[in-house]
Structures are given as C-alpha cells and as structure tokens.
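As a plain string of letters, each chain reads:
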Amino acid sequence: MAAGTVDPTRNLGTSLTWVLWWPLIPLFFVLIGRFWCAICPFGKVSDIIRKTIGSNKPAPTFLRKYGLWIIDLFFIAITYSDHIWGIVENPRGSGYLLLLLVTMVVGTSIFYERRTFCKTLCFLGGLSGNYSRSGALELRGTPEICKTCKTQSCFKGSEQAEGCSMFQFVRTMDTSADCNLCGDCIKSCPNHSIRLSPRMPTSELWAIKKPKMEHTVLAAVIMGIVFVQNITMVAVWQDFLKAIGSVTNTDQYTVNFTIAFLIIMAIPVALLLLTAKIAAITGGSAEKVKQNFIRFGYAIIPLDLAGHLAHNLFHILTEGKAIWYNTIALFGAELSRGNLGFATASTVQMLQYAIILFGTVGSVYTAYRIGNKGSFKALVPYYTLMILLAAANIYLFSLPMMHRV
C-alpha cells in the first residue's frame with residue numbers, strides 16, 4: 001500500500017526533500033561545513049554495512065584518481081535527468097534517485113574501506129566539498145604538537161573512535177573540503193591537538209596549495225547549473241527553446257533542452273577560460289593560461305554558493321507552507337491551501353539581490369587574494385568576470401519565477 005499521493009505538489013516526501021532540505025543544505029555548508037555528511041543517512045548505512053559484512057579493501061586506484069571527475073559528471077547527469085525525466089517534480093523520480101544512491105552506497109561499502117562512496121562518488125559530497133571551502137568553520141591540528149605525534153590515531157583510529165572515514169590525516173590537512181566535522185579524530189587524539197574553530201568565510205580559498213582542474217571545472221559548471229535552474233523557471237525559457245528549435249528544425253523537448261543545457265553550462269567555463277587568457281596576455285605571460293584558469297576558478301565558489309542560496313530561498317519562502325498542508329493531508333485531513341508562501345515575491349527578490357551582492361564581494365575579494373593582492377589592472381579581468389556572472393544572476397532573479405508546488 002502506498003503512502004501519500006503521486007501528485008508532487010501534495011506529496012509530503014517531495015515537499016520535505018525539495019522545498020525544505022535541499023534549500024537549507026547550502027546554508028549548512030556556509031555555517032557548519034560538511035557536518036551534514038557526518039549525519040547523512042547514506043553515510044550511516046555505509047558504516048553499518050562496512051562494519052558487518054564489508055571486506056574493507058582499499059578503494060580502487062581509478063576511483064582515487066578520478067573520483068572528483070566522476071562526481072562532476074554525476075552531478076551534471078542528475079541535473080539533466082531532472083529536467084528530462086523528472087526527479088524534483090515526480091515522487092517516483094525522487095524514489096528512483098534514492099534507490100540508485102542506496103545501491104551505490106551498498107555496493108561500495110561491501111567491497112571498500114571507510115566511506116569510499118562519500119569520498120569518490122557522492123554528487124552532494126562534491127558539491128559540499130566545494131562549498132565548505134567558503135564555510136565559517138574549520139577543523140585543524142596544532143602543527144607544533146602534530147609533528148611530534150607517533151600514534152597517528154586521527155587517521156588510524158583508537159579505542160575511542162575509528163580512523164577518519166574520509167581518509168583525512170589532520171597533520172597535513174589544509175582544506176575543509178573532505179572533512180565531515182564528525183569529531184572522531186578529536187576523540188582519538190591523545191595530545192589534544194585538534195581544534196574546531198570559526199574562521200573568515202572564503203579564507204580557505206585565498207591560498208589553495210594544490211589547486212586542481214576538477215575543482216575549478218566543478219565551480220564553473222555549478223554556476224552554469226544555477227543558471228539552468230533559474231532560466232527554466234521563467235517565461236524567457238520557452239523563447240530560448242524556440243530559438244534552438246528553429247535551428248534544429250524540431251520541437252522535441254529532449255533534443256532542444258540537451259543543446260540548451262550544454263550551452264548554458266559551457267558559458268561560465270568558456271568565460272573563465274577567456275578571462276584566464278586575457279589576464280595572461282595583459283600580464284605578459286601567455287603560458288600561464290592553464291594556471292590562471294585553475295587558480296582563479298576557486299574565486300567563483302562564493303558566487304556559486306550565493307546563487308544556489310538565492311535560488312533555493314525562493315522555494316522555501318514562497319512554497320514552504322506546502323510542507324504543513326501536505327503533512328496534515330497525509331493523515332487524512334484537508335485544509336484550504338491558500339497562499340503557500342511566507343513572504344511576497346518582491347521581498348524574496350530583495351533578499352536574493354542581497355545574497356548575490358554578498359557573494360559577489362566574496363568572489364571579487366577571493367580573486368584579489370588569489371592574485372596576491374596584485375594591481376587592479378592585473379586583476380581587472382577576474383573582477384569583470386565575477387561582476388558579469390553576478391549581473392546574469394540578478395537579471396534572472398528579477399524575472400517572475402514559476403512555482404514547483
């Protein structure tokens with residue numbers, strides 16, 4: 001017997017997932033980093049299976065080497081699938097996604113050690129890793145104490161707690177991207193070296209020691225996906241599809257959406273690459289294009305986070321009451337639904353603009369710090385890029401958006 005309705009606007013499961021949890025999750029990343037991953041049900045399932053029937057073999061070299069690229073592709077595939085087959089607006093689609101994730105969790109946990117799935121395959125883990133770099137909380141060891149430690153219990157574990165589930169060695173850890181803030185290393189450390197402390201948001205992005213292409217590509221792609229999520233909810237979207245259809249000579253949604261999706265995602269990547277080339281030329285060092293592309297891609301992350309937060313704010317503030325109505329309906333009571341919002345559209349827009357403004361300041365300042373506080377002339381291409389991306393976000397948020405519930 002099924003519980004609830006297949007109507008996504010009245011289904012409690014889809015409301016809780018996509019109107020409450022999904023909008024709030026980026027805010028968690030800002031305030032408390034990847035702590036959600038420490039309490040994630042999938043992670044707990046992984047722990048239980050691994051401790052009971054798991055073989056605890058080392059993760060394959062392929063996953064360790066290309067895991068971040070797999071995460072990038074997985075994140076893109078889920079977004080694409082949502083618009084083609086329906087996930088957010090289809091309870092069955094949401095169920096299939098959860099089933100797929102559970103299958104992947106179970107499969108990796110049976111064969112491989114620790115949280116291999118969370119580290120190398122989870123699309124939300126990749127998203128949270130990028131966002132957590134901008135977060136206001138960090139876990140670090142005290143260098144003077146850690147360098148004399150012989151036990152390495154933070155990584156290997158102890159009687160108090162098992163070793164780091166995310167394969168992190170606190171002594172050398174300089175990023176929050178893969179730290180779940182679970183606290184196991186604090187419990188295991190015999191020297192009281194590990195601290196959990198607040199920090200300036202975006203500060204980790206200023207001096208990434210080993211910048212990686214996959215992180216930068218994900219940052220740029222996320223910006224494109226934010227654009228996709230916004231533009232598909234406004235009236236201009238249909239005009240965009242018609243323009244593509246006039247070129248493809250077909251009105252098939254799948255074909256035209258696929259082309260639009262690829263174009264929109266490619267725009268931030270192409271703009272970042274163009275900016276890196278311009279900066280390299282104006283700086284008199286054209287061979288640094290790749291280096292510039294990778295390093296300054298991290299500056300997009302605060303604006304990514306702002307765009308994601310602003311988009312999700314629309315759903316929780318204009319559709320949030322659906323959770324209450326759908327909860328009551330699950331138990332057989334029907335109430336007049338009325339207005340589902342907690343705030344007017346104009347109020348939400350003002351909040352969205354403010355969030356984008358903060359994100360723009362964060363991205364511009366991050367570019368400034370990545371450039372080692374260089375001259376305005378040397379960094380103006382990156383400032384221009386951040387302002388251009390912010391303007392695109394503000395324009396889309398200025399348009400009336402359709403509701404999902």
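Residues numbered from 1 in each chain as written. Predicted model: local features only at pLDDT ≥ 70, side-chain atom pairs only at ≥ 80, totals over all residues. Heavy atoms only, no water.

Bringing the overall build of the protein chain into the picture now. On a plain count of helices and strands, the protein chain comes out with 18 helices and two strands. Projecting the C-alpha coordinates of the protein chain onto the three principal axes gives extents of approximately 65 × 65 × 40 Å. Counting every position in the protein chain, which comprises 405 residues, the buried fraction comes to 52%. When contacts within the protein chain are restricted to residue pairs at least 6 apart in sequence, long-range pairs at least 24 apart make up 81% of them. Put simply, the protein chain has 35 plus and 21 minus side-chain charges, and the middle of one group is 8 Å from the middle of the other. (Helix = DSSP H or I, 4+ residues; strand = E, 2+ residues; numbered from the N terminus. Buried < 20%, exposed > 50% of the residue type's maximum accessible area, 1.4 Å probe, protein only. Contact = heavy atoms within 4.5 Å. Lys, Arg positive; Asp, Glu negative; His and termini not counted. Charge placed at Lys NZ, Arg CZ, Asp CG, Glu CD.)

A few words now on the nonpolar core. Residues F123 and L124 are the most contacted members of the largest nonpolar core, which totals 87 residues. Per-element accounting of this core gives the leading share, 11 residues, to helix 11 (residues 213-231). Once you skip the residues sitting within four places of it in the chain, L124 turns out to touch W21, W22, F29 and W36. Counting residues in hydrophobic clusters, the runner-up holds 10 residues, among them L139, C154, L181 and C189. (Core = buried A, V, L, I, M, F, W, Y, C linked by side-chain atoms within 4.5 Å.)

Here we come to the side chain of N256. As for its position among the elements, N256 is in helix 13 (residues 253-282). In terms of polar contacts, N256 uses its side chain to reach the backbone carbonyl oxygen of T250, at 3.0 Å. (Polar contact = N/O pair within 3.5 Å; in protein donor to acceptor, adjacent residues only side chain to side chain.)

Locating K51 in the fold gives a position in helix 3 (residues 41-52). Residue K51 is classed as exposed on the basis of its relative accessible area, which comes to 58%. Counting along the chain gives 63 residues from K51 to R114, while the straight-line C-alpha distance between them is 9.2 Å.

Before going further, it helps to examine the environment of L12. Along the chain, L12 turns up in helix 1 (residues 12-32). Take L12: its relative accessible area is 16%, and that puts it in the buried class. Along the backbone, L12 and A136 are 124 residues apart, and their C-alpha atoms lie at a distance of 32 Å. In this view, L12 contacts I323, N326, T327 and L330; residues no more than four positions away in its chain are not counted.

This part takes up the packing of aromatic side chains. Under the defined criterion, the tally for this structure stands at 19 aromatic pairs. Centre to centre, the rings of F75 and F123 are 6.2 Å apart; their planes meet at 20°, and the pair counts as stacked. On the criterion of sequence distance, the pair formed by F75 in helix 4 (residues 61-84) and F123 in helix 7 (residues 123-132) is long-range, its members being 48 residues apart. The class of F123 is buried, set by a relative accessible area of 9%. Ring plane angle 35° and centroid distance 5.8 Å describe the contact between Y80 and F257, whose orientation is recorded as tilted. Of this pair, Y80 sits in helix 4 while F257 sits in helix 13, placing them 177 residues apart in sequence. F257 sits in the buried class, given a relative accessible area of 0%. Among the aromatic residues, those joined into a cluster by ring pairs are Y80, W85, W237, F240, Y253, F257 and F261. (Phe/Tyr/Trp six-rings, centres within 6.5 Å; stacked < 30°, edge-to-face > 60°.)

So, about the pattern of salt bridges. Side chains bearing opposite charge may pair, as long as their charged atoms lie close to each other. Taken as a whole, this structure holds 13 salt bridges when the rule is applied. The salt bridge partner of D178 is K119, with a shortest N-O separation of 2.9 Å. On the criterion of sequence distance, the pair formed by D178 in the loop between helix 9 (153-156) and helix 10 (184-188) and K119 in helix 6 (residues 116-120) is long-range, its members being 59 residues apart. Among the residues examined, K119 registers a relative accessible area of 25% and is labelled partly exposed. For E204, the salt bridge goes to R133, with nearest N and O atoms at 3.7 Å. Within this pair, whereas E204 is found in the loop between strand 2 (194-198) and helix 11, its partner R133 is found in the loop between helix 7 and strand 1 (137-141), the two being separated by 71 residues in sequence. With respect to burial, E204 and R133 carry one shared label: buried. The structure contains a network of salt bridges with shared partners spanning R133, E138, R140, R195, R199 and E204. (Salt bridge = Lys/Arg side-chain N within 4 Å of Asp/Glu carboxyl O.)

Helix length check: helix 11, at 19 residues, gives a terminal C-alpha distance of 27 Å against a target of 27 Å (1.5 Å per residue), a fit within 8%. Taking burial as the measure, the 19 residues of helix 11 include 17 buried ones, the bulk of the element. (Expected span 1.5 Å × (residues − 1).)

Attention shifts here to helix 14 (residues 289-297). Taken as a whole, helix 14 has its buried residues at V289, N292, F293, I294, F296 and G297. The elements touched by buried residues of helix 14 are helix 11, helix 13, helix 15 (301-319), helix 17 (345-370) and helix 18 (376-398).

In this section: the packing of helix 7 against helix 11. It is the contact of helix 7 with helix 11, at a shortest axis distance of 11 Å, that shows an interaxial angle of 95°. One finds that helix 7 runs roughly perpendicular with respect to helix 11. From helix 7, G126, L127, N130 and Y131 reach across to helix 11, where they touch H215, L218, A219 and I222. Among the residues forming the contact of helix 7 with helix 11, the class breakdown is five nonpolar, three polar and no charged. (Axes fitted to C-alpha atoms, helices over the stretch in contact; angles between N-to-C directions. Parallel < 35°, antiparallel > 145°, perpendicular 65-115°, else oblique. Nonpolar A, V, L, I, M, F, W, Y, C, P; charged D, E, K, R; others polar.)

Across the interface, helix 11 lies against helix 13 with an axial gap of 8 Å and an inter-helix angle of 135°. Compared by their axis directions, helix 11 and helix 13 come out oblique. Here helix 11 and helix 13 pass one another in a crossing that is right-handed. Residue-level contacts link T216, A220, V221, M223, G224, I225, F227, V228 and I231 of helix 11 to F257, F261, I264, M265, P268, V269 and L272 of helix 13. Here the contact of helix 11 with helix 13 is composed, by residue class, of 14 nonpolar, two polar and no charged. (Left-handed = near helix turned anticlockwise from the far one by under 90°.)

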